[in-house]
Amino acid sequence: DSVLERYDLYNALSLKLVQKQQSLEKELQSKMLSLQNRAVQLQNQYSQRLITTQTYQEKAQRLQDEQMQIQQWQETKFYELNEDQMIITERVYDSILVVINEINKSQKYDLIISNSYGGALLYGNPKWNISDTIVLLLNGKVSPNFLTDSIAK
């Protein structure tokens, strides 16, 4: 958890995803508001007898069809957001694994454990916590040559 919180790429990608979600929510809200306004207008025209029953029914059916299209659009966009989230997760964890493998080339750990909040690890000796080094490497703030000097300390 602490690695992800401080990983620049993860934070940037997560921000983009949140912005995309907010944009889609605004677009959905706009579409639904427009549909609702047209439905109210149609009802007013009908109640004022400005249109025939047949015209009212035809236009009401078109509005229902449009509502179904909006719902399908919403489902598609929700699916796309989930796909984007999976791609981000895969990309981030792949990059973390690359860095962990790089660290392990020089340090030869027998085991590297994830310590996420609520996970199975309740305590670990802080001297073996390599999270800071992983974050520095992920964010490109140090080169892999830094490993031999910093982790050995």
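Residues numbered from 1 in each chain as written. Predicted model: local features only at pLDDT ≥ 70, side-chain atom pairs only at ≥ 80, totals over all residues. Heavy atoms only, no water.

## As for the overall build of the chain
Stage number 1. Secondary structure assignment for the chain yields five helices and zero strands.
Stage number 2. When the helices and strands of the chain are read in sequence order from the N terminus, they spell out α-α-α-α-α.
Stage number 3. For 153 residues, the compact-globule estimate of 2.2 N^0.38 gives 15 Å, and the C-alpha radius of gyration of the chain, at 27 Å, exceeds that figure by more than 25%.
Stage number 4. Overall size of the chain, expressed as C-alpha extent along the three principal axes, is 85 × 30 × 15 Å.
Stage number 5. Within the chain, the proportion of its 153 residues that are buried is 21%.
Stage number 6. Within the chain, contacts between residues at least 6 apart in sequence are counted, and of these 70% link residues at least 24 apart.
Stage number 7. For the chain, the accessible area works out to roughly 11600 Å², and carbon and sulfur atoms hold 51% of it.
Stage number 8. A distance of 5 Å separates the average location of the 16 positive side-chain charges in the chain from that of its 18 negative side-chain charges. (Helix = DSSP H or I, 4+ residues; strand = E, 2+ residues; numbered from the N terminus. Rg over C-alpha atoms; globule rule 2.2 N^0.38 Å. Buried < 20%, exposed > 50% of the residue type's maximum accessible area, 1.4 Å probe, protein only. Contact = heavy atoms within 4.5 Å. Areas by Shrake-Rupley, 256 points an atom, 1.4 Å probe, with all protein chains shown as cover. Lys, Arg positive; Asp, Glu negative; His and termini not counted. Charge placed at Lys NZ, Arg CZ, Asp CG, Glu CD.)

## Observations regarding the pattern of salt bridges
Stage number 1. For the structure on display, the rule yields six salt bridges.
Stage number 2. One salt bridge in this structure joins K20 and D84, with 2.6 Å as the shortest N-O distance. Of this pair, K20 sits in helix α2 (residues 8–47) while D84 is found in helix α3 (residues 53–107), placing the two residues 64 residues apart along the sequence.
Stage number 3. Classification of D84 by relative accessible area gives partly exposed; the value is 22%.
Stage number 4. Here K77 and E80 are joined by a salt bridge, their closest N and O atoms 3.4 Å apart. (Salt bridge = Lys/Arg side-chain N within 4 Å of Asp/Glu carboxyl O.)

## Regarding the packing of α3 against helix α4 (residues 131–138)
Stage number 1. Two numbers describe how α3 lies on α4: the axes approach to 10 Å, and their chain directions differ by 115°. Like other packed secondary-structure pairs, α3 and α4 cross with a definite hand, here right-handed. Residues S95, I96, V99, I100 and I103 of α3 lie in contact with α4, whose contacting residues are T133, I134, L137 and L138.
Stage number 2. Of the residues in the contact of α3 with α4, the class split is seven nonpolar, two polar and no charged. (Axes fitted to C-alpha atoms, helices over the stretch in contact; angles between N-to-C directions. Left-handed = near helix turned anticlockwise from the far one by under 90°. Nonpolar A, V, L, I, M, F, W, Y, C, P; charged D, E, K, R; others polar.)

## A word on unusual backbone geometry
Stage number 1. Unusually for a residue other than glycine, R49 sits at a positive phi of about 60°.
Stage number 2. The topology assignment puts R49 in the loop between α2 and α3.
Stage number 3. The phi dihedral of K108 is positive, around 55°, even though this residue is not glycine.
Stage number 4. Take K108: it is sitting in the loop between α3 and α4.
Stage number 5. What makes K108 exposed here is its relative accessible area of 59%.

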